[in-house]
Amino acid sequence: MTALTADAATTAARLRDGMASGVLSFPLTSFTGGRGDEGGKGGAGALDLPAFRDYLAMQIETGPGAIFPACGTGEFFSLDEDEYREVITAAVREADGRLPVVAGIGYGWAQAARFARIAEEAGADAALVLPHYLVKGPQSGLVEQIRQIAARTRLPLIAYQRDQVAFTMDGLRELVTIPGVIGLKDGHSDLDRLQRLKLAAPEDFLFFNGAATAEVQARPYAGIGITAYSSAVHAFAPEIANAFFTAQRDGDDATVERLLRDFYVPLVELRDRVPGYAVSLVKAAARLRGRPVGPVRAPLADPGPDDLADLEALLTTGLDLVGATR
């Protein structure tokens, strides 16, 4: 890996320490009530910044290893640039240096670089490069996408491979030579390929499990030496997420299996009923617990009554398993 600047090296070290101490938190973005399909800056679905700050403060107090605002769970794709600036600025202020803030950026490299500049001005510590929009590209193009962004920001970058983005060993060897690139989030769960990538990367390059409902894949990832993971469950039930993290870290297989069997696997089955539930269910569960997050924005849709009832029952089960209350 290309030698990092002092700031990038410090950020990478803080993230490595955070990954060892807690889950990676991907907070929801709070919108005002209503159907959530109007968007914009007025009426239903507007950004609710005071509510977001209240929600984020609650999340930070539960001890995640880092926070990743305005990423997939935070509905990055539905934010305009002004809203994005407000979200990242609020996250930096709430974190107040206590843990790293990694901002989501995305689309093509030109637009991703604009978001990176906003995140940099807002005081973020690093950026997660979300998969680009729609088109597929060869390895040379995937690497060049990151290279173009890195040339336009001082923020350390974490690449995110998912959907149409999948690096080969040769691609990764090029990726790690780009100044400022410090890690890779994996959402493919192809452990054979991922192990090869990890072996091809420098020892200090950061990897973490970014599979949907990552806890279900936590043990297989740990088997190839990748113990860090993002947790959507932390966005609505940090008690469950933290209990699972502790059990996984400490080798408490009985607790891990009980939580997987009775909470996480049923959650995945519920999540898979409707496209977009990977975010919509998370936000609905947060609302069930009184968190001020509001509805989702289109093209996502909030769960219907039957799915919401199933989610409420499952949430109660999960909290009971770890001795927490609604």
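Now for a look at the structure at hand.

Rules of the game
- Residues numbered from 1 in each chain as written.
- Predicted model: local features only at pLDDT ≥ 70, side-chain atom pairs only at ≥ 80, totals over all residues.
- Heavy atoms only, no water.
- Helix = DSSP H or I, 4+ residues; strand = E, 2+ residues; numbered from the N terminus.
- Contact = heavy atoms within 4.5 Å.
- Areas by Shrake-Rupley, 256 points an atom, 1.4 Å probe, with all protein chains shown as cover.
- Lys, Arg positive; Asp, Glu negative; His and termini not counted.
- Charge placed at Lys NZ, Arg CZ, Asp CG, Glu CD.
- Pairing = 2+ DSSP bridges.
- Axes fitted to C-alpha atoms, helices over the stretch in contact; angles between N-to-C directions.
- Salt bridge = Lys/Arg side-chain N within 4 Å of Asp/Glu carboxyl O.
- Buried < 20%, exposed > 50% of the residue type's maximum accessible area, 1.4 Å probe, protein only.
- Parallel < 35°, antiparallel > 145°, perpendicular 65-115°, else oblique.
- Left-handed = near helix turned anticlockwise from the far one by under 90°.
- Nonpolar A, V, L, I, M, F, W, Y, C, P; charged D, E, K, R; others polar.
- Core = buried A, V, L, I, M, F, W, Y, C linked by side-chain atoms within 4.5 Å.
- Patch = residues over 30% accessible without salt bridge, like charges linked within 9 Å, V, L, I, M, F, W, Y side chains within 5 Å.

## A few points about the overall build of the protein chain
Here comes step 1: Check the secondary structure of the protein chain and you find 12 helices and 8 strands.
Here comes step 2: Sequence-distant contacts, at least 24 apart, represent 73% of the contacts inside the protein chain between residues at least 6 apart.
Here comes step 3: As displayed, the protein chain has an accessible area near 13,200 Å², and 50% of this comes from carbon and sulfur atoms.
Here comes step 4: One way to put it: in the protein chain the 32 positive side-chain charges average out to a point 3 Å from where the 42 negative ones average out.

## So, the sheet that holds strand E7 (residues 206-209)
Sheet strands pair via backbone hydrogen bonds, and the direction of the pair is either parallel or antiparallel.
Here comes step 1: Pairing is parallel across the open sheet formed by 5 strands, whose spatial order is E3-E4-E5-E6-E7. This sheet does not close on itself; its edge strands, each paired only once, are strand E3 (102-105) and E7. Put simply, the sheet's adjacent strands are angled 25 degrees from each other on average, direction ignored.
Here comes step 2: On the sheet, helix H5 (residues 139-150) packs against E3, strand E4 (126-129), strand E5 (157-161) and strand E6 (181-186) and is oriented at approximately 155 degrees with respect to E5.

## With respect to the pattern of salt bridges
Here comes step 1: Counted by the stated rule, this structure contains 21 salt bridges.
Here comes step 2: Salt-bridge contacts for arginine 219 lead to glutamate 257; the nearest nitrogen and oxygen are separated by 3.3 Å. Of this pair, arginine 219 sits in helix H8 (residues 218-223) while glutamate 257 sits in helix H10 (residues 253-271), placing them 38 residues apart in sequence.
Here comes step 3: Relative accessible area serves as the criterion here: at 34%, arginine 219 is assigned to the partly exposed category.
Here comes step 4: Using a relative accessible area of 38% as the deciding quantity, one classes glutamate 257 as partly exposed.
Here comes step 5: Connected through shared salt-bridge partners, Glu144, Arg147 and Glu174 make up one network.

## Section: unusual backbone geometry
Here comes step 1: The residue after alanine 298, namely proline 299, is reached through a cis peptide bond having omega 15 degrees.
Here comes step 2: One can find proline 299 in the loop between helix H11 (277-288) and helix H12 (305-321).

## Notes on the packing of helix H2 (residues 49-61) against helix H3 (residues 81-95)
Here comes step 1: Where H2 meets H3, the axes come as close as 10 Å, and the angle between the chain directions of the two elements is 40 degrees. Classed by the angle they form, the pair H2 and H3 counts as oblique. Crossing handedness for the pair H2 and H3: right-handed. Mapping the contact onto sequence places Leu49, Phe52, Arg53, Leu56, Ala57 and Ile60 in H2 and Glu86, Val87, Ala90, Ala91, Arg93, Glu94 and Ala95 in H3.
Here comes step 2: Grouping the constituent residues of the contact of H2 with H3 by class yields 9 nonpolar, no polar and 4 charged.

## Focus: the nonpolar core
Here comes step 1: Within the largest apolar cluster, 72 residues are counted, with the highest numbers of intra-cluster contacts made by Phe68, Tyr84, Ile88 and Ile105.
Here comes step 2: Formed by 35 residues, the second largest nonpolar core is a distinct cluster that contains Ala214, Ala241, Val256 and Ala286.

## A look at the sheet that holds strand E8 (residues 230-231)
Here comes step 1: Read from one edge to the other, the open sheet built from 3 strands follows the order E2-E1-E8, with strand pairing classed as parallel. Both outer strands of the open sheet, strand E2 (66-67) and E8, are each paired with one neighbouring strand and no more.
Here comes step 2: Sheet topology note: the strand E1 (residues 24-25)/E2 ladder contains 2 bridges and is parallel. Residue pairing across strands places leucine 24 opposite alanine 66, the latter belonging to E2.

## What to know about a nonpolar patch on the surface
Here comes step 1: A cluster of nonpolar side chains, namely Tyr133, Leu134 and Val135, defines an oily patch on the protein surface of about 370 Å² accessible area.
Here comes step 2: In this fold, valine 135 is placed in the loop between E4 and H5.

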